Each structure stands twice: as C-alpha cells, then as structure tokens.
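Single-letter residue listing:
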Amino acid sequence: MAEVAVNSVVKSVESAVFAGKYLTFYIGETIYGVALENILEIIGNQEATRVPGIPAFVKGIINLRGRIVPVIDARIKIGAEEIEYDERTCIIVITWNESLVGLIVDRVAEVSDFKNDQIASIPDFSSVNTNKYLSSICKVGERLVLILDCDKFLADDTCGTHATL
C-alpha cells in the first residue's frame, strides 16, 4: 500500500517537472516533438534483429540492457522516403503502456519548454486526416513543431506487432 502511494507521488512530481517539456527531433526538415515524460533515453542507432512478418516500418528488435525493445523507423511510419542511417541517426526510447518502444529518427534537436500560448490545435482539413499521429502544433518563432501523440502513433500498429514479437 505504501509503495503504491510513493509511486503515485513520484508520478505526480515527474508530471509537474516534465509539464510543457518536449524532446524535439527531425525527420527530414520537419521538426517533431514528443512529451519529455514519455522519454526513457536516447541511444545511438543499433542494428535491429529483423523479425519475420512485421510491417516494414518496424525495423526489428533490440536488446536494451536485457529488455527486448521493438524499434520503429518514424520516417517510414509517417510515409516519408526511407534513407540510409548515418552518425546522427538515433533511437528515442519511449515508455508507452508500460512497455518500451524505440523510435528511429534522423536526429535529435533539443529539449524545449513550450508555453500553452505556443501550442495550437491541428487545422481541420475535412478531406485529409492531418491529425493521424499528431496531438498539436507548437509555434516557435517562425518554426512549427509537430507534436506527436504517442498513443496515436504507437497504438496504430505497434500494439499488434509488439504482441506478436
């Protein structure tokens, strides 16, 4: 019982500390952001072990200090052209639904602290599903940062894939 209360307090403190903070990264020239509270760590790109029968955007699995982690190429998942990985390619390890998922991105930018007045909802284009993986858009000067919704992005296909790994 005491452990549950401590865990609850820890989660509350973590939420307060991470509120408004996002890890930004690039896919091509587009900047994306993920809420910092979802990030476990950033690691260099690693060769993933390919698992037969998984979608092309799931590059396979890696062993992260004894934990098997599925790795998704974010570039392929959003429908961008696949490119060769380079020294800037990295894996953002995300905690999601009590599991870990690696997200391969072109390069990590920085941790940004976005204020509520910088964050806008996604425009509604009636014939295009613009918010398939996004939760919002953040305005930073003249730049726009597309904020990924981990639930939408990872639940779309990863759950089924993860369950079969």
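Reading the values: the criteria
Residues numbered from 1 in each chain as written. Predicted model: local features only at pLDDT ≥ 70, side-chain atom pairs only at ≥ 80, totals over all residues. Heavy atoms only, no water. Pairing = 2+ DSSP bridges. Helix = DSSP H or I, 4+ residues; strand = E, 2+ residues; numbered from the N terminus. Phe/Tyr/Trp six-rings, centres within 6.5 Å; stacked < 30°, edge-to-face > 60°. Buried < 20%, exposed > 50% of the residue type's maximum accessible area, 1.4 Å probe, protein only. Lys NZ or Arg CZ within 6 Å of the ring centre and 35° of its normal. Salt bridge = Lys/Arg side-chain N within 4 Å of Asp/Glu carboxyl O.

### Here we look at the sheet that holds strand S8 (residues 107–113)
For step 1, the next point in the chain: A sheet is described by the order of its strands in space; here six strands give the open sequence S8-S1-S2-S11-S10-S9, paired in mixed fashion. Each having just a single partner strand, S8 and strand S9 (119–120) make up the two edges of the open sheet.
For step 2, the next point in the chain: Sheet topology places strand S2 (residues 30–35) next to strand S11 (residues 143–148); three bridges connect them, and they run parallel. What sits directly across from Ile 31, in S11, is Val 145.

### Some details on the packing of aromatic side chains
For step 1, the next point in the chain: In this structure the tally under the stated criterion is three aromatic pairs.
For step 2, the next point in the chain: Centroid distance Phe 25 to Tyr 32: 5.8 Å. Interplanar angle 15°. Geometry classified as stacked. Assigned by exposure class, Phe 25 and Tyr 32 land together as buried.
For step 3, the next point in the chain: When the ring centre of Phe 153 is taken as reference, the NZ or CZ atom of Lys 77 above it lies at 5.1 Å.
For step 4, the next point in the chain: When the ring centre of Tyr 26 is taken as origin, the NZ or CZ atom of Arg 107, which lies over that ring, is 3.8 Å away.

### Details of unusual backbone geometry
For step 1, the next point in the chain: Positive phi, normally seen in glycine, also occurs at Asn 97, with a value near 50°.
For step 2, the next point in the chain: Checked against the element boundaries, Asn 97 lands in the loop between strand S6 (90–96) and strand S7 (99–105).
For step 3, the next point in the chain: Judged by its relative accessible area of 55%, Asn 97 is exposed.
For step 4, the next point in the chain: Of note in the backbone geometry, Glu 98 takes a positive phi value of approximately 65° without being a glycine.
For step 5, the next point in the chain: By secondary structure assignment, the location of Glu 98 is in the loop between S6 and S7.

### Some words on the pattern of salt bridges
For step 1, the next point in the chain: Under the criterion given, the structure shown has five salt bridges.
For step 2, the next point in the chain: If you follow the salt bridges from partner to partner, you end up with Lys 21, Asp 113 and Lys 115 in one network.

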